[in-house]
Amino acid sequence: MNEALIGAIVARLERDEPSLAKAFAASAAEVGVRYVAIDDLLPAEWAEQVASKFPQPHQMRLMDSFRERKHTSKDFDAFDPLMKDITFALQDERVVRVVERITGIAQQVPDPSLYAGGLSAMTRGHFLGPHIDNSHEGSRRLYRTLNLLYYVTPGWQRERGGHLELWDTAVRRNVVIESRFNRLALMETTPTSWHSVCPVVGEGVRRCVSNYYFSPQSPTGRPYFNVTSFSARPEQPWLRLLARADGLARNALRKLVPGGLGKRDVYEGPKA
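An account of the accompanying structure is given in this report. (Residues numbered from 1 in each chain as written. Predicted model: local features only at pLDDT ≥ 70, side-chain atom pairs only at ≥ 80, totals over all residues. Heavy atoms only, no water.)

1. Quick look at the overall build of the protein
No. 1: Across its full length, the protein carries seven helices and 12 strands.
No. 2: Radius of gyration (C-alpha) of the protein: 17 Å, near the 19 Å computed for a compact globule of 272 residues.
No. 3: If one aligns the C-alpha atoms of the protein with their principal axes, the spans along those axes are about 45 × 40 × 35 Å.
No. 4: By the burial criterion, 56% of the 272 residues in the protein qualify as buried. (Helix = DSSP H or I, 4+ residues; strand = E, 2+ residues; numbered from the N terminus. Rg over C-alpha atoms; globule rule 2.2 N^0.38 Å. Buried < 20%, exposed > 50% of the residue type's maximum accessible area, 1.4 Å probe, protein only.)

2. Remarks on unusual backbone geometry
The bulk of non-glycine residues show a negative phi, and the bulk of peptide bonds are trans.
No. 1: Here the phi dihedral of Gln-107 falls at roughly 55°; this positive angle occurs in a residue that is not glycine.
No. 2: Relative to the helices and strands, Gln-107 is located in the loop between α6 (93-103) and β4 (118-122).
No. 3: According to the relative accessible area criterion, Gln-107 is partly exposed, its value standing at 42%.
No. 4: Despite not being glycine, Val-171 shows a phi value in the positive range, around 55°.
No. 5: Note that Val-171 resides in the loop between β7 (164-167) and β8 (174-177).

3. Quick notes on the nonpolar core
Within soluble globular proteins, side chains that are nonpolar generally end up buried alongside one another.
No. 1: Ranked by size, the top nonpolar core spans 43 residues in total, and within it Ile-9, Leu-13, Leu-41, Leu-42, Tyr-150 and Leu-186 carry the most contacts.
No. 2: Looking at which element gives the most residues to this core, the answer is helix α1 (residues 2-15), with six residues.
No. 3: The contact partners of Ile-9, leaving out residues within four places of it in the chain, are Leu-41, Leu-42, Ile-86, Ala-89, Leu-90 and Val-95. (Core = buried A, V, L, I, M, F, W, Y, C linked by side-chain atoms within 4.5 Å. Contact = heavy atoms within 4.5 Å.)

4. Regarding the pattern of salt bridges
Once their charged atoms are close, side chains differing in charge can pair, the charge on each being opposite to the other.
No. 1: Counting across every chain of the model gives 19 salt bridges.
No. 2: The residue Lys-70 makes a salt bridge to Glu-68 at a minimum N-O spacing of 2.5 Å. Taken as a pair, Lys-70 and Glu-68 share a single burial class, namely buried.
No. 3: One salt bridge in this structure joins Glu-165 and Arg-233, with 2.8 Å as the shortest N-O distance. Placement of the pair is Glu-165 in strand β7 and Arg-233 in the loop between β12 (229-230) and α7 (237-256), with a sequence separation of 68 residues. We note that Glu-165, like Arg-233, is buried.
No. 4: Linked by salt bridges that have partners in common, Asp-39, Arg-158, Glu-178, Arg-180 and Arg-183 make up one network. (Salt bridge = Lys/Arg side-chain N within 4 Å of Asp/Glu carboxyl O.)

5. Some words on helix α4 (residues 44-53)
No. 1: Taken together, the buried positions of α4 are occupied by Ala-47, Val-50 and Ala-51. The arc that holds every buried residue of α4, seen down its axis, measures 100°, which confines them to one face.
No. 2: In this structure, the buried residues of α4 make contact with α5 (81-89), β6 (143-151) and β11 (206-215). (Arc of directions from axis to C-beta.)

6. Thoughts on the packing of aromatic side chains
No. 1: In the structure shown here, the tally under the stated rule is two aromatic pairs.
No. 2: Geometrically, the ring pair formed by Phe-76 and Phe-88 is edge-to-face, given 6.0 Å between the ring centres and 65° between the ring planes. Residue Phe-76 is located in the loop between β3 (68-73) and α5, and its partner Phe-88 is located in helix α5; the two are separated by 12 residues in the primary sequence.
No. 3: On the numbers, 5.2 Å between centres and 40° between planes, the contact of Tyr-143 with Tyr-224 is tilted. (Phe/Tyr/Trp six-rings, centres within 6.5 Å; stacked < 30°, edge-to-face > 60°.)

7. Observations regarding the side chain of Glu-68
No. 1: With respect to the helices and strands, the residue Glu-68 is situated in strand β3.
No. 2: Looking at Glu-68, the relative accessible area reads 5%, which means it is buried.
No. 3: Side-chain polar atoms of Glu-68 contact the side chain of Lys-70, separated by 2.5 Å. (Polar contact = N/O pair within 3.5 Å; in protein donor to acceptor, adjacent residues only side chain to side chain.)

8. Here's the deal with α6
Because the α-helix completes a turn every 3.6 residues, residues three or four places apart line up on one side.
No. 1: Among the residues making up α6, those that are buried are Val-95, Val-96, Val-98, Val-99, Glu-100, Ile-102 and Thr-103.
No. 2: Following α6 by one or two positions, Gly-104 adopts a phi angle in the positive range, close to 75°.

9. Looking at the side chain of Thr-145
No. 1: Relative to the helices and strands, Thr-145 resides in strand β6.
No. 2: Among all residues touching Thr-145, those that are not within four sequence positions of it are Ile-105, Gln-108, Met-187, Glu-188, Thr-189, Tyr-213, Phe-214, Ser-215, Gln-217 and Pro-219.

10. Considerations on the pairing of β7
No. 1: Across the two faces of β7 the burial is the same, with Leu-164 and Leu-166 and Glu-165 and Trp-167 all buried.
No. 2: In this antiparallel pair of consecutive strands, β7 and β8, the connection spans six residues, and Val-171 shows a positive phi of 55°.
No. 3: For β7 and strand β10 (residues 195-197), the ladder comprises three bridges, and the chain directions are antiparallel. Within the sheet, the bridge partner assigned to Glu-165 lies in β10 and is Ser-196. (Pairing = 2+ DSSP bridges.)

The structure is reproduced here in structure tokens:
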């Protein structure tokens, strides 16, 4: 199935490659974060199969803090093989090369270790606060450059919430990319690419397959480093202050202790 998935993804991306590249570049004018959404990534019946094999929330790890609330996992041995196939199909070199052409981001490298990828499931009340991602993978040799987020909940509607939001640098104004079934969202990762998932308010499970690409080239053209740093929504000023203090403390500790302080100082799970 993996080769068939790869072929279908490459064919879909190449079909609209010029218009996708144009949309990705033009999106920078909205809030400063480039993105593009590709609908109908897979044949509908294949996407339905992915949805049907997706693990249930109780089979996954619950992440629960003021920053986020959702279930995540990258323990593919515990799930149907299709989960591993769809995740790693998006890391195939043929897919990476097309994505490079669409985004104009060179020397992209997928993440077979899933340092920051995998599966996520969100139900009513779950959310992901506004944040910027870790600047690097675990070795700090490669910069994170791109998020690839594949949504697989049939019939998911806008009124249910759980949608990707991209914010301006002040985290005051956003654009919303709906978590539509069989949609792949590409968004760049930079020191100012603030993004979030708005709270889920409807019934059902919002499912996402997350992948991240890296590169030896800095997205800004200069060296930088940061851990995952959270803010809060504009209507949450006190939480925004708490998140800022939390981020500054974890960033300082991470710089002082390059090996990290365990799992608490850097977030490694699938995030959007």
